[in-house]
Amino acid sequence: MNKSIELKKIAVEIKKCKACIVGKSGKAVVGEGNPNARIVFVGEAPGRKEAETGRPFVGRSGQLLRSLIREIGLREEDVYITSPVKYLPNSKTPTQKDVEHGKTHLEKQLKIIAPQIIVLLGRVAALGVLGKAIVINKMHGKIIDSKYFVTFHPSAGLRFPPLKKKLLEDFKELKNALTIIF
Ligand code: URA
């Protein structure tokens, strides 16, 4: 079966999932992009704009992420963007339980896409993909296990200017790494 059809099946599974919506609201935000992407960006959970539109990273932090993607020479239509939590959490930050459940869907998406590089945008992304909490400030800006690139969530960059600077530097590092990998 082709990747696009397989991803559509997962999207249906997410939209039907009774566990995903618990403690959350809005439209399901399953993820979007190229099913054959060589690079996937993983965030945290939808914000208000995303929950209204059903699309990932379309709010303020999304605009920053999408501009960074373009700045490193990638086209939005060549990448895939998703997150471990598929609905807008009622609490500001998703709970451990939200991430533990959401990652079951995320893992299926990643298995289908099978990208060469997965960019983990912040602590929740790392928890959802690696299954463990990591200190982003220590691990950011480099490739781990030949596959994962850790950086800050763009919303952290918008809130704290020093982190935005680090985020921009990390994306430069990512660009350099991709010239070798791709
Ligand atoms: N933050 C995320 O992690 N994901 C989105 O889709 C939007 C904001």
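Look above for the structure.
Here is a short report on the structure shown in this document. All values derive from a computational prediction rather than experimental measurement.

Right, let's talk about the side chain of Thr82 for a bit. Its location among the elements puts Thr82 in strand E4 (residues 80-82). By relative accessible area, which is 1% here, Thr82 ends up buried. Looking at Thr82, its side chain comes within polar contact range of the side chain of Gln109, at 3.0 Å.

Lining the immediate surroundings of the ligand are Gly43, Glu44, Ala45, Pro46, Glu50, Pro56, Phe57, Ser61 and His153. Phe57 is positioned such that a nitrogen or oxygen atom in its backbone is 2.9 Å from an oxygen atom of the ligand. Interatomic distance of 2.8 Å between a side-chain N/O atom of His153 and an oxygen atom of the ligand. Here the ligand, which alone exposes 230 Å², has 94% of that area covered by the protein. The residue makeup of the shell around the ligand, split by class, is four nonpolar, three polar and two charged.

On to the pattern of salt bridges, then. Going through the model one piece at a time under the given rule, you end up with 10 salt bridges. As a salt-bridge pair, Asp98 and Lys24 come within 2.9 Å of each other at their nearest N and O atoms. In this pair, Asp98 is assigned in helix H4 (residues 96-113) and Lys24 in strand E1 (residues 24-25), connecting sequence segments 74 residues apart. An identical accessibility class is assigned to Asp98 and Lys24; each is buried. With a shortest N-O distance of 3.0 Å, Glu32 and Arg66 are connected by a salt bridge. In this pair, Glu32 sits in strand E2 (residues 32-33) while Arg66 sits in helix H3 (residues 60-71), placing the two residues 34 residues apart along the sequence. Taking the relative accessible area as the measure of exposure, Arg66 reaches 9% and is therefore buried.

Two elements in contact, H3 and helix H8 (residues 161-181), have axes separated by 10 Å at closest approach and are oriented at 35°. Of the two possible hands of crossing, H3 and H8 adopt the one that is right-handed. Contact residues: H3 offers Leu64, Leu65, Leu68, Ile69 and Glu71, while H8 offers Lys164, Leu167, Leu168, Phe171 and Lys175. In terms of residue class, the contact of H3 with H8 is built from seven nonpolar, no polar and three charged.

What follows concerns helix H1 (residues 3-16). Every α-helix carries 3.6 residues per turn, so stepping three or four residues along brings you back to the same face. Here H1 is 14 residues long and its end C-alpha atoms lie 20 Å apart, about the 20 Å a rise of 1.5 Å per residue gives. Within H1, the full set of buried residues consists of Leu7, Ile10, Ala11 and Ile14. End-on view of H1: buried residues confined to an arc of 105°, all on one side of the axis. Set apart from the buried face of H1 by more than 90 degrees, the exposed residues are Lys8, Lys9 and Lys16. At its buried positions, H1 is contacted by E4 and H4. Capping of H1 at its N-terminal end is provided by Asn2; its side-chain oxygen lies 3.1 Å from the backbone amide nitrogen of Ser4.

The rules behind these values
The residue numbering used here restarts from 1 in each chain and proceeds along that chain's sequence as written. Note on the predicted model: pLDDT of at least 70 is required for a residue's local features to be given, and 80 or more for side-chain atom pairs to be given and counted; whole-chain, interface and lining totals, by contrast, use all residues. As a rule here, side-chain values cover all heavy atoms of the structure and leave hydrogens and water aside. Numbered from the N terminus, helices here are DSSP runs of H or I no shorter than four residues, and strands are runs of E no shorter than two. Buried, partly exposed and exposed residues are distinguished by accessible area as a fraction of the type maximum, computed with a 1.4 Å probe on protein chains only: under 20%, between the cut-offs, and over 50%, respectively. Whenever a nitrogen or oxygen atom comes within 3.5 Å of another N or O atom, the pair is scored as a polar contact, on the condition that within protein one atom can donate a hydrogen and the other can accept it, and that pairs from neighbouring residues in sequence are kept only if both atoms are in side chains. A molecule or strand has a residue near it when one of that residue's heavy atoms lies within 4 Å. Each accessible area value is a Shrake-Rupley result obtained with a 1.4 Å probe; residue values ignore everything except the protein chains displayed when judging cover. Any residue that is not Ala, Val, Leu, Ile, Met, Phe, Trp, Tyr, Cys, Pro, Asp, Glu, Lys or Arg is counted as polar, Gly included; the first ten are nonpolar and the last four charged. Salt bridge, as used here: a side-chain nitrogen of Lys or Arg that lies within 4 Å of a carboxyl oxygen of Asp or Glu. Whenever a helix is involved, its axis is fitted only over the stretch in contact; in every case the axis is a line through C-alpha atoms, and angles between N-to-C directions fall within 0 to 180 degrees. Note: crossing handedness is left-handed where the near helix turns anticlockwise from the far helix by less than a right angle, and right-handed where it turns clockwise. Note on contacts: a residue pair qualifies if any of its non-hydrogen atoms lie within 4.5 Å across the two residues. To estimate the expected span of a helix, subtract one from its residue number and multiply by 1.5 Å. Note: the arc covers the axis-to-C-beta directions of the helix.

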